[in-house]
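Structure at a glance
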Amino acid sequence: MTSYGGYTNDYSNTSYGAQGGAGGGGFMTGGSQNSPSGGDSQERNDTLRPVTIKQVNESQESGQFFNIDNSHVSQVTFVGQVRSTSIQTTNITYKLDDGTGTVEVKQWIDPDQDESSRPRIDDNAYVRVWGKIKQFNNKKHVGAHFVRPITDFNEISYHLLEATAVHLYFTKGPLTSKDGANGAGGGAYSNGNMGGATGGLGADGLPPGLSANARKIYHCLRTTQQSNEGLHTADIAHRLQMESADLAKGGDELLETGVIYTTVDDQTWAILNTSS
Amino acid sequence: MSESTPRISSQYLENFQHQTVRVVGKITQLRGESATMDANGSITLQLNRDTHLQLNHACEVIGKVQGDLSIRVLTSTDFGTEFDLTAADAVVDATHRYKEIFYGDGH
């Protein structure tokens, strides 16, 4: 559990191919499957995200990608129990259940591979899957790169907690603490999909658990010159290029926690300055 | 979704009567047709003929919570003796706190 501090690292856009000459190493599935022209941008998005089966089934298709918590996912990994197995000539289809839902996982059979070298997977066994979300006739399945049996059952707990931590990272932002010990987290976060303007906010003494939008609004109020009446929401929306619904939601979080307050009317907000 | 089986421990039993759930705990007593499991408090399990439990092993059961808060076991998986029940408890807590990624809005 102590390793959870590691989640302040960048989960958003890991670039496996970008470290100098390392392009040939690691798992480069994205690169090898795409045309040379498209390969570059795809590669940069080649992330591996731990998820629950419910998240797979509820992922949103957008173009060639799927979105979970409003960010692109390419590879996913999850843990589940095999409910049924059907072996065809070209692929094996497993139906997996992790308690949150069920999904079909298809693994293509490599004809050159010796059958006996494949791990034996019995019904009701717990397995770990890595793969890509696919959609066919409005039904999602996962194209698996590998499926391996789980031997240490603690991996199930570990996976579910990791999936939760990553989900919270994408919906509420990185771990922050009140004393602002979050230098690395803020920096990594600014590379993420959720907006670049929020880096380094941890030092502002905001309570933990605020959404990215709430943090942006607070930052805007803090850094924009204003009268003691504060700023009108329309002004904030314009400065941040934020939808009014998102703005209202983020503002509500800040009002609820008492770090901002309304001044001349409900739509004009100012920071409640407790330190001075 | 009807296919989900929420993870619970003993203190959640009342909220999940007549539902199919998952519980991980340590088997503390075996009495033929029933058994007792410790999952943050003790739970009575009603076994079926195919259930094979081992004393002092951690075990995951999928079963239906009865009106008397015992669980009628449908399937069980032996998790052995090296399983960290504290971590499993943290999972139960997380799944109820952040149910948006685990279970439908029905609960």
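You'll find chain B entered in an unreviewed UniProt entry as Replication factor A protein 3, with Tothia fuscella given as the organism. UniProt annotates chain B under Sequence similarities (unreviewed entry) with the comment "Belongs to the replication factor A protein 3 family." Here chain B is described in UniProt, under the heading Subcellular location (unreviewed entry), as follows: "Nucleus".

An unreviewed UniProt entry annotates chain A as Replication factor A2 originating from Tothia fuscella. The heading Sequence similarities (unreviewed entry) in the UniProt record of chain A holds the text "Belongs to the replication factor A protein 2 family." In its Subcellular location (unreviewed entry) section, the UniProt entry covering chain A states "Nucleus".

Moving on: the overall build of chain B. Within chain B, the regular secondary structure consists of one helix and six strands. Its helices and strands in sequence order give chain B the pattern β-β-β-β-β-β-α, from N to C terminus. For chain B, the proportion of its 107 residues judged to be buried stands at 48%. Of the roughly 5400 Å² that chain B leaves accessible, carbon and sulfur atoms contribute 43%.

Residue and element names in this part refer to chain A. Counting buried residues along strand 6 (residues 91–97), six of its seven residues qualify, which places the element largely inside the surrounding structure. Bridge count between strand 5 (residues 75–87) and strand 6: six bridges; the pairing is antiparallel. Residue pairing in the sheet places Q81 in a bridge with D97 of strand 6. Here seven bridges tie strand 6 to strand 7 (residues 102–108), and the two strands are oriented antiparallel to one another.

Another point: the pattern of salt bridges. Taken as a whole and assessed by the stated rule, the structure comprises 11 salt bridges over all chains. Taken together, the shared-partner salt bridges connect R83 and D97 of chain A together with R22 and E60 of chain B into one network.

Residues and elements named next belong to chain A. The antiparallel open sheet is built from three strands, whose spatial order is 10-12-11. With partners counted over all chains shown, the strands left at the sheet margins are strand 10 (231–232) and strand 11 (260–262), one partner each. The pairing of strand 11 with strand 12 (residues 268–271) spans three bridges and is classified as antiparallel. For Y261, the partnering residue across the bridge sits in strand 12 and is A270. Across the face of the sheet, helix 6 (residues 212–223) comes into contact with strand 10, strand 11 and strand 12 while running at roughly 75° to strand 12.

Residue and element names in this part refer to chain A. Pairing is antiparallel in the open sheet, where three strands are placed in the order 2-3-4. At either margin of the open sheet sits one strand with a lone partner, and together these are strand 2 (60–62) and strand 4 (71–73). Within this sheet the neighbouring strands show an average axis-to-axis angle of 50°, counted without direction. In the sheet, strand 3 (residues 65–68) pairs with strand 4 via three bridges, with the strands oriented antiparallel. Within strand 4, the residue paired with F66 across the bridge is V73.

Where a protein is soluble and globular, its nonpolar side chains tend to be buried together. Residues and elements named next belong to chain A. Grouped together as the largest cluster of nonpolar side chains are 21 residues, with contacts concentrated most on F78, L96, V105, V129 and V147. Residue assignment for this core shows that the elements contributing at least two residues are helix 3 (53–57), strand 3, strand 5, strand 6, strand 7, strand 8 (126–136) and strand 9 (139–149). When near neighbours in sequence (up to four residues on either side) are disregarded, L96 contacts I53, F78, Q81, V82, G101, T102, V103, V105, V127 and V129.

Let us now look at unusual backbone geometry. Residue and element names in this part refer to chain A. In this model, N124 sits at a positive phi of 75°, which is unusual for a non-glycine residue. In this structure, N124 sits in the loop between strand 7 and strand 8. Using a relative accessible area of 39% as the deciding quantity, one classes N124 as partly exposed.

Attention now goes to the interface of chain B and chain A. Listed as interface residues are 27 residues of chain B and, on the opposing side, 25 residues of chain A. Per-residue buried area on chain B facing chain A is highest for E3, I101 and F102 of chain B; these three make up 28% of the total on that side. Linking chain B with chain A are one salt bridge. Here R22 of chain B ties to D97 of chain A by a salt bridge, and the two come within 3.4 Å at their closest N and O atoms. The interface formed by chain B and chain A contains 12 residue pairs in polar contact (both at pLDDT 80 or more). For the side of chain B that touches chain A, the secondary-structure elements that each account for two or more residues are strand 5 (58–65), strand 6 (71–80) and helix 1 (85–97) of chain B. When residues of the side of chain B that touches chain A are assigned to their parent elements, the largest contribution, five residues, is made by helix 1 of chain B. Here the residues of the side of chain B that touches chain A sort into 14 nonpolar, four polar and nine charged.

All names here are of chain A. When strand 7 meets strand 9, the two strands line up parallel, connected through three bridges. Looking at the pairing, V105 lines up with V142 of strand 9. Pairing geometry for strand 8 and strand 9, over 10 bridges, is antiparallel. By the bridge assignment for strand 9, Q135 is matched with K140. With antiparallel pairing between neighbouring strands as the criterion, strand 8 and strand 9 make up a hairpin whose turn holds two residues, including N137 at a positive phi of roughly 50°.

With that settled, the discussion passes to helix 1 of chain B. If you check helix 1 of chain B, its first and last C-alpha atoms are 18 Å apart, about what 13 residues at 1.5 Å a residue would give, namely 18 Å. Each element contacted by the buried residues of helix 1 of chain B is listed here: helix 4 (154–172) of chain A together with strand 1 (7–8) and strand 2 (20–31) of chain B. The N-cap of helix 1 of chain B, judged by a side-chain oxygen 2.9 Å from the amide nitrogen of T86 of chain B a few residues on, is D84 of chain B.

The rules we used
- Residues numbered from 1 in each chain as written.
- Chains lettered and ligands numbered in written order.
- Predicted model: local features only at pLDDT ≥ 70, side-chain atom pairs only at ≥ 80, totals over all residues.
- Heavy atoms only, no water.
- UniProt positions renumbered as here; feature names shortened; annotations may be inferred.
- Helix = DSSP H or I, 4+ residues; strand = E, 2+ residues; numbered from the N terminus.
- Buried < 20%, exposed > 50% of the residue type's maximum accessible area, 1.4 Å probe, protein only.
- Areas by Shrake-Rupley, 256 points an atom, 1.4 Å probe, with all protein chains shown as cover.
- Pairing = 2+ DSSP bridges.
- Salt bridge = Lys/Arg side-chain N within 4 Å of Asp/Glu carboxyl O.
- Contact = heavy atoms within 4.5 Å.
- Axes fitted to C-alpha atoms, helices over the stretch in contact; angles between N-to-C directions.
- Core = buried A, V, L, I, M, F, W, Y, C linked by side-chain atoms within 4.5 Å.
- Buried area = accessible area lost by both parts, 1.4 Å probe.
- Polar contact = N/O pair within 3.5 Å; in protein donor to acceptor, adjacent residues only side chain to side chain.
- Nonpolar A, V, L, I, M, F, W, Y, C, P; charged D, E, K, R; others polar.
- Expected span 1.5 Å × (residues − 1).

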